[in-house]
Amino acid sequence: MPPGRIPLFQWLNLVFYALLAFEMLRLWIAPGPGDAARIYTLTILMAFEFVMVHSGVFMAVMPRRWSMLIFVPFYGLFALAFTASAGNLSILFIYLAVVAVRARHAFSDASDEVRARTVATSVAAAGIYFACVFVFAMGAGLVPAFGLTGDYLDASGYRDLMTAEGIFPEMPQVPLAMGAVYYLLLAYAEFRISRMDALGAGPLAEITKAMSERIRARPPRD
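Residues numbered from 1 in each chain as written. Predicted model: local features only at pLDDT ≥ 70, side-chain atom pairs only at ≥ 80, totals over all residues. Heavy atoms only, no water.

Visitor: Any chance you could explain helix α2 (residues 36-52) here in plain terms?
Guide: Every α-helix winds through 3.6 residues per turn, so residues three or four apart in the chain are directed the same way. Here α2 spans 24 Å end to end across 17 residues, near enough to the 24 Å set by a 1.5 Å rise per residue. Along its length, α2 shows its largest kink, about 25°, at Met46. By the criterion of burial, α2 is predominantly enclosed, with 13 of the 17 residues buried. (Helix = DSSP H or I, 4+ residues; strand = E, 2+ residues; numbered from the N terminus. Expected span 1.5 Å × (residues − 1). Bend = angle between axes of the 7 residues up to and from the residue. Buried < 20%, exposed > 50% of the residue type's maximum accessible area, 1.4 Å probe, protein only.)

Put into structure tokens, the structure is as follows:
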């Protein structure tokens, strides 16, 4: 691959994040009468992301046997619980897709550089997520409802779908607004990390190099 070029699968990842952010913005600002189930699913997704942001790190750096026998089933239990709360299989399908894409290096002989970049992007995702949670939880009352008014939530049947309590399900404008910001920032962070890695320059490249050396010094994975 020519220097500075980002792989196609990473571009697809960035496009997916952008589309997800756009969908959250649309549902927040101008939801349709039949969007209640989609809104509730995305609110549950943002809660489930708390579980998923650090899974990539564990699945990338831990021995393959640990990933297959411990981490995948462990996070799978959370996926099943959130799936039951959402009332559909969307969360479970998303979890399986994340395992296949975000944690794919746990099941393949990826290079140390690729695995180190996966760890770096997972750490960035965790930092962005927890920063967003703090900001939006503290300022939940300041987030405008836009299309998610009390009348809309009643008329659309959204409240009938709720099986959980808390800020996210009771104030869906908060997780949707947070999700839009989170996925846009995540797309930008992954683009920057991938770009610097492709160019082989910048501080992130040095961090990735150091992580790669530590991974090489580790005993072989089972």
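More follows now that the structure is in view.
Visitor: It is not clear to me how the environment of Arg117 should be interpreted in this structure. Could you clarify?
Guide: Along the chain, Arg117 falls in helix α6 (residues 112-138). The class of Arg117 is buried, set by a relative accessible area of 9%.

Visitor: How do you make sense of the nonpolar core when you look at a structure like this?
Guide: Nonpolar side chains tend to gather and get buried jointly when the protein is soluble and globular. Ranked by size, the top nonpolar core spans 54 residues in total, and within it Met24, Met46, Phe48, Tyr95, Leu176, Tyr182 and Tyr183 carry the most contacts. Contributing elements (two or more residues each) for this core: α1 (8-29), α2, α4 (64-86), α5 (90-101), α6, α7 (150-155) and α10 (173-199). Setting aside residues up to four positions removed in sequence, Tyr95 forms contacts with Phe48, Met52, Met59, Phe71, Val72, Tyr75, Gly76 and Ala79. (Core = buried A, V, L, I, M, F, W, Y, C linked by side-chain atoms within 4.5 Å. Contact = heavy atoms within 4.5 Å.)

Visitor: I keep staring at the side chain of Ser156 and nothing clicks. Help me out?
Guide: The residue Ser156 is located in the loop between α7 and α8 (158-161) in this model. A distance of 2.8 Å separates a polar side-chain atom of Ser156 from the backbone oxygen of Tyr152. Engagement of the side chain of Ser156 in a polar contact is seen with the backbone oxygen of Leu153, the distance being 3.5 Å. Those residues in contact with Ser156 that lie beyond four places of it in its chain are Pro33 and Ala36. (Polar contact = N/O pair within 3.5 Å; in protein donor to acceptor, adjacent residues only side chain to side chain.)

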